[in-house]
Every structure is written in structure tokens, then in C-alpha cells.
Amino acid sequence: MKNLAPAIFPPKGIGDATPSNKAVLDWVNEIATLTQPDNIFWCDGSEREKEFLIGESLRQNVLIELNEKKVPRSYLHRSNPNDVARVEQFTFVCTPTKEEAGPTNNWTEPGETYAKLRELLSGAMRGRTMFVIPYMMGPADSPLSKIGFEITDSKYVVLSLRIMTRMGEIALKRLGNDPSAEWNRGVHSLLDVNPERRFICHFPQDNTIISVGSGYGGNVLLSKKCLALRIGSYLARKQNWMAEHMLILGVESPEGRKHYVAAAFPSACGKTNFAMLIPPAHFQGWKVTTVGDDIAWMEIRDGRLYAVNPENGYFGVVPGTSYKSNPNAMGSIAHDTIYTNVAFTDDGDVWWEGKDGEPPAHAIDWRGNEWTPQSSEKAAHPNSRFTTPMRNNPALDPDVEKGEGVPISAIIFGGRRSDTVPLVYQAFDWDHGVYLGATMASETTAAATGAVGRVRRDPMAMLPFCGYNIGAYFQHWLDIGKQLTNPPLIFNVNWFRKGADGKFLWPGFGENMRVLKWIIDRCEGNGGALKSPIGWLPSPHDLDLAELNIDHNAVDELLGLDHEEWQKEIAAHKEFFDSLGGVVPEELQKQREQLAAGFDL
Ligand code: GTP
Ligand code: SPV
Ligand code: MN
């Protein structure tokens, strides 16, 4: 077996930040006894530690240094070509019973799974270094924040978690010495990066994650999808809060009135772009700021929902990112960024499909092969990613560190639908909004392995991320609604509807401000709408489309309901609910019947 992650022996004063909590020490001991690393590296999150790990990563070709003048302090990482996206088929929720994991999760019995994983991990870190990373999810003084530890044998994971989480001392301080305190146990080993030995396993009852055989972000940055969503959603239901796959943005009017909006779109369906939106010139004086681009943790206070972003950085889709589509993302990734699976140019810069300007005449592609514009292969992998600190974002919201979070005025669901679903519409009330979320669908993307472009139901964009029974999750949404005296209004959007020519009807990106403005108008009790069977729909003159070069017919098509398409859609809702085998709450079944009745079905 090729040694993928040889041991490193740091100089004195680095890698020795042993935590004092006995429960943590016992667990680290147990994992070290099992995996047999050559040494243990206790991460403290310091600058010195970072310099040392970058040096070692460059020496061992885990990272490639980029041109200091073009992208200062930034690096390229190439993952194994067999390991470039989340693997939903190898992701498991290991609850004591299959019912607890529910009909949408892969389930295996915890005892057997632990035994299998122990076998795989046995001696797996021989010749390697075991890193112990303490991290905190959420602002330092937030009641919602959580502590996790990730054990890993990958330096890429350590350097990425430094960006994605609040890592080191700050986490140890928050955890304290109480051995019974709540904290997440995460174990990751690359093993031999073999898809046949790749398993991402969650044990919600034990607050434990074990991930083996992968080096790709979503599978190995255990803070993110594994803790903040799968384990997070399980804890959220038990503790009466919400862990959602949502961006959080602030939107401020020229008069200084500010709203916060949370939006759930499936993977690679526009969260990062929407969170960093720059309004078009017509909306002079309007400002959009980013609280988070992927995950929202929300709790109820004074009858309202308040949200924090548990993360500290962005792990975003690179292809398609440009100064034209997303200037704030370009600003964010101009320095101090780790790029994964993009192309490397002859002048030490990075390149990807959709970047501004001409393609380079020659580059090294994401696999490490020669590439020219004539090549049939893509230069960057469609799921290539940037890892960048949120501090780099020119549009970062000033309240991002606020422990109590930001009050949410609207929740938006949305997916990638070429047909059927209008540009925007509003739910009649909370329960109807939960129905919109529960029945949303989207065309699959390169963010997970498997076919791309297939329409699948992805409730609340949580299909791959809900850590328990989806029926209980729907009920949790309904129960939260009952406790809100001032609930967010709920909307559904679709930036991706296509015309007969197969092209997007809506320009998207910054122009999505026009839809956001209507949503804000509705929150403020203004904004016209027509009652339709699916919800409140704007008519073309309810949307501010001034100075937008768009065809009238396209607008009609974007806001139109095609009865035949909706007949199929409602049948698909039923088929989806039926496929879940009786776990769908009665209230949502009633919502479906009302929708069907609205179409005389
Ligand atoms: P994850 O990080 O996987 O959760 O993705 P995400 O939801 O943050 O999606 P992101 O904003 O990175 O966008 C994914 C892809 O969709 C990129 O290629 C974008 O260029 C494209 N995209 C984003 N917003 C729009 C839009 O409004 N219209 C169109 N046509 N494409 C968009
Ligand atoms: C997603 O797929 O929703 C992502 C990327 O945000 S990953 O972290 O790989 O899950
Ligand atoms: Mn995501």
C-alpha cells in the first residue's frame, strides 16, 4: 500500500497543544491505540503551526504553491481522480433501528458498523501522523455553538478546517474540563483512498462520525455536512432548534431598513452566489451582505427564528465563478485560498471553465495532465472547489459573529428545474411553506457522484443531509411553526427554468435582486400578488424589471403555470410521499389534497 500521508515530526512548540478535558484524552488514546500512528500532532490553530504544515504539504506534494503575485498565500490541491465529490451511496446513518434513520437514508446497524470500521482503521495510521483538531461551530458567544474534535491523517483536512471552522484554543476554552460536556467525535483516515473502502458513517446517538477512504471535502471536513447538518439536524430535533442547508443573507434598503433571509437550495444550485449577490445598477442604494453560504443553525426567540452561520469559511464551487457572475466570490478567492481540482497555468495561476478572459494556451488539468483549449477534457473538475476564509468576503455581514444570530424575515426554497416551477411564488402560510419545502425537487449536479441532470425530490435541500427519519423531520418543521408568533414568510424560487430553445429564461445572479426585492416587499406587507393554486404569484408588473433586457414572453413563461406540467408535478408529489412509506405527517397529505383540488384534480 502506497503511503499517502507519511509521518511528520514537528519542531518543539508545534503540535503539542494537548487538551485538558479527560473525555477527549481518553478518546484520542483509544483511537491512537487502534490506528497506531507514528506520532500524535495536537493542533492549536496558530500561525506557526500553519506555516509548518504548509511547508510539509509542499514538500510532500499535498499542495502546489501558486504564483505569489497573482494569488498570494494560495495553494492548489489535487484529490485522487476517483475521489472528487460526496458519495451518497456510501454515506450511512447508523441509528439503533432502521426506522430512526428513515426511508431516505442508507442505514447499517451501529454495532456491526463500528466493528467493520475498527477493522479498517486497525493500524491504518502506521507510518503516518495523527492530527487532533479541536474546533468550534458558530460564534464564540452563541448558545447555538457546538464543539467538535476531528482526528485525521490528512494535512489537507487540517489546513482546510483552519479555514472552515474556528479552530484551536477557542474551542478548547469553550469546551472546558467537564468530561460530560457535549462534543462531537470525528475520526477520519484516508486509508488507501479506495472507493471500495470508502464509508462516511454517522452515529447520531453517540455524537460520532467515522469517515474512511476519501480525501474529498464533503466526505472529510467532518465539521460541515457530517456535523453541522447530519448530526446537527438530529440534535436540533432533540433540542428544539433547526440545522438547515441554507445560506443566510442580509438585505438593506436605501432607507436603511434591513431584513435577513435564509435560503435552501440543493448542492451546486446557487447558495454561494445568492449569498454574495451584488444588486444591479437599477437598485442603487440597496446592499446585500453575507452571513453564511451553506448552513444555518436557527432557534426560536421572542416568537421569531434567529440564525447563525456555524462555519468560518466557504467551500464553494469554482467553475462558473467570474467577475461577471460573482465579483464578491472572486474577491474572496483572490488570496489565502486553497483550490482543489482546478487547472494550473504555466505562470503558476489557477484557471477553470467560466473564469473571465481567454482560456490559457496551455495548462495542467485537474488530473495533472497536459491541457490546451483543444483538449476534449475539462481543465477543472465540474465539482472543483475553493476553500476560503469568510473574512475575505468583501460583502461579509457585520453581525456574522453575533451570538444571538440574525432574525429571519423570509425562508426561500429553490431548485434547478428546467420546467414547471415558476421564477418565484409565496406560500399561503407556514404549513403550506413546509409542504413546498417537503416536495421540492432539483436536477442532480456534480456535487455528488452519480448521474447529473436527473430530477429528484430533495426536501428542504436536505435529502443527503438529514440525520434521521425524514417524516419526523417534516413534523419537526411543523412543530417549530406552532411555536412561532412571528414566523418567516416562505417562498419558492427557480432561477433555472428553460425556454423551448433550451436556454435559461432568467438571467440570474445579480438580477436575482429583482426577485429578492419582491420577497422583501411581501415581508413588509407591500408587493402585489395573485392567488394561484400553488401560492401567491407575482404578476409581471409586481416585479421590478426596469432596465432589464428581457423579452415579455420570457417573463410570462417564467411566471406561468402550465396545467399539464402541474398535473405531472402533483402526481410526482404523491409518488414521493407514497415512496416514504407512511411517515409523512397528515398535515402535509392534506396540503397535497388541497393543491390537487386547486387544479380540479
Ligand atoms: P454547494 O456549495 O454545492 O452547496 O453549491 P451552492 O448551492 O452554493 O451553488 P453555487 O452558488 O456555488 O452555484 C453553483 C453553480 O450554479 C455555479 O456554476 C453557478 O455559476 C451556478 N449559478 C448560481 N446562481 C445562478 C443563477 O442565478 N443562474 C444560473 N443560471 N446559474 C447560477
Ligand atoms: C454540497 O455538496 O452541498 C457542498 C459541498 O456544500 S460538500 O461540502 O462537498 O458537501
Ligand atoms: Mn452545500
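Structure: above.
Residues numbered from 1 in each chain as written. Chains lettered and ligands numbered in written order. Predicted model: local features only at pLDDT ≥ 70, side-chain atom pairs only at ≥ 80, totals over all residues. Heavy atoms only, no water.

Concerning the overall build of the protein
The secondary structure content of the protein amounts to 16 helices and 30 strands. Taken over C-alpha atoms, the radius of gyration comes to 24 Å for the protein, in line with the 25 Å a tight globule of 601 residues would show. The principal-axis extent of the C-alpha atoms belonging to the protein is close to 70 × 55 × 45 Å. Looking at the protein residue by residue over its 601 residues, the buried ones come to 61%. Restricting to contacts in the protein with at least 6 residues of sequence separation, those with at least 24 account for 73%. Carbon together with sulfur atoms contributes 49% to the accessible area of the protein, which is approximately 22500 Å² in total. Charged side chains in the protein number 60 positive and 75 negative. The centres of these two groups are separated by 3 Å. (Helix = DSSP H or I, 4+ residues; strand = E, 2+ residues; numbered from the N terminus. Rg over C-alpha atoms; globule rule 2.2 N^0.38 Å. Buried < 20%, exposed > 50% of the residue type's maximum accessible area, 1.4 Å probe, protein only. Contact = heavy atoms within 4.5 Å. Areas by Shrake-Rupley, 256 points an atom, 1.4 Å probe, with all protein chains shown as cover. Lys, Arg positive; Asp, Glu negative; His and termini not counted. Charge placed at Lys NZ, Arg CZ, Asp CG, Glu CD.)

Points about the nonpolar core
Counting residues in each nonpolar core, the largest one holds 116 residues, and the members touching the most others are Y339, I408 and W477. Counting residues per element, this core draws most heavily on helix α8 (residues 223-239), which supplies 8 residues. Residues contacting I408, with those up to four places away along its chain left out, are I248, Y260, V261, A262, M298, R304, L305, A307 and P488. Core analysis: the second largest hydrophobic core is formed by 37 residues, A263, W506, M513 and V555 among them. (Core = buried A, V, L, I, M, F, W, Y, C linked by side-chain atoms within 4.5 Å.)

What to know about the packing of aromatic side chains
Two numbers describe a pair of aromatic rings. These are the distance of the centres and the angle of the planes. Scanning the entire structure with this criterion turns up 24 aromatic pairs. Ring centres of Y216 and F315 lie 5.8 Å apart, and the angle between their planes is 55°; on these two criteria the pair is classed as tilted. In this pair, Y216 sits in the loop between β10 (208-212) and α7 (217-220) while F315 sits in strand β17 (residues 313-317), placing the two residues 99 residues apart along the sequence. A residue is classified by how much of its surface remains accessible, and Y216, at 5% relative accessible area, is buried. When the centroid spacing of 6.2 Å and the interplanar angle of 40° are considered together, the rings of F576 and F577 count as tilted. Look at F577 and you get buried, because its relative accessible area is 2%. One aromatic cluster in this structure is built from W27, F149 and W183. In this structure, R416 packs its charged tip against the face of F496, placed 4.2 Å from the ring centre. Across the ring face of W536, the terminal group of R522 is positioned such that the distance to the ring centre comes to 5.6 Å. (Phe/Tyr/Trp six-rings, centres within 6.5 Å; stacked < 30°, edge-to-face > 60°. Lys NZ or Arg CZ within 6 Å of the ring centre and 35° of its normal.)

Section: the site of ligand 1
Neighbouring ligand 1 are 22 residues; A268, K271, T272, N273 and R385 lie closest to it. In this structure, an oxygen atom belonging to ligand 1 sits 2.9 Å away from a main-chain N or O atom of F509. Looking at the shell around ligand 1, the elements with two or more residues in it are α9 (271-275) and β17. Looking at the shell around ligand 1, the element that brings in the most residues is α9, giving 3 residues. Considering only residue class, the shell around ligand 1 consists of 10 nonpolar, 8 polar and 4 charged. (Near = heavy atom within 4 Å. Polar contact = N/O pair within 3.5 Å; in protein donor to acceptor, adjacent residues only side chain to side chain. Nonpolar A, V, L, I, M, F, W, Y, C, P; charged D, E, K, R; others polar.)

Points about unusual backbone geometry
The backbone phi angle of A268 is positive, close to 60°, even though this residue is not glycine. Looking at the secondary structure, you find A268 in the loop between β13 (258-264) and α9. Overall, the relative accessible area of 25% leaves A268 in the partly exposed class. A positive phi angle, close to 65°, is found at T420, a residue other than glycine.

Brief notes about the sheet that holds strand β21 (residues 363-364)
The strand order across the open sheet built from 4 strands is β20-β19-β21-β22, with neighbouring strands paired in antiparallel fashion. For this open sheet the edge positions go to β20 (350-351) and β22 (370-371), each flanked by a neighbour on one side alone. Inspection of the sheet shows strand β19 (residues 343-345) paired to β20 by 2 bridges, in the antiparallel sense. Of the residues in β20, the one forming a bridge with F344 is V350. (Pairing = 2+ DSSP bridges.)

Details of the coordination of the manganese ion (ligand 3)
Looking at the metal site, the manganese ion (ligand 3) is ligated by K225 (NZ), H245 (NE2) and D294 (OD), spaced 2.1 to 2.5 Å from it. Given 6 donor atoms and angles of 63 to 168° at the metal, the environment of the manganese ion (ligand 3) is assigned as irregular. Read N to C, the donor residues that coordinate the manganese ion (ligand 3) are spaced as K-x19-H-x48-D. Taken together, the residues K225 in helix α8 and D294 in the loop between β14 (287-292) and β15 (296-301) connect sequence positions 69 residues apart. By relative accessible area, D294 is classed as buried at 8%. (Donors = N, O, S within 2.8 Å, 3.2 Å for Na, K, Ca; no water. Tetrahedral: all angles 85-135°; square planar, octahedral: opposite > 155°, others 65-115°.)

Things to note about the packing of helix α15 (residues 563-579) against helix α16 (residues 586-598)
Where α15 meets α16, the closest approach of the two axes is 10 Å, and the angle between their N-to-C directions is 160°. The angle between α15 and α16 falls in the class roughly antiparallel. Seen from above, α15 lies across α16 with left-handed handedness. Only L588, Q589, R592, L595 and A596 of α16 make contact with α15, whose side of the interface consists of I570, H573, K574 and F577. Looking at the contact of α15 with α16, its residues break down into 5 nonpolar, 2 polar and 2 charged. (Axes fitted to C-alpha atoms, helices over the stretch in contact; angles between N-to-C directions. Parallel < 35°, antiparallel > 145°, perpendicular 65-115°, else oblique. Left-handed = near helix turned anticlockwise from the far one by under 90°.)

What to know about the site of ligand 2
All residues adjacent to ligand 2 are R86, Y216, G218, K224, K225, H245, S267, D294, F315, R385, A447 and F465. In this structure, G218 approaches ligand 2 through a main-chain N or O atom, which is 3.2 Å from an oxygen atom. Expressed as a share of its isolated accessible area of 280 Å², the protein-covered part of ligand 2 is 98%. Classifying every residue of the shell around ligand 2 gives 4 nonpolar, 3 polar and 5 charged.

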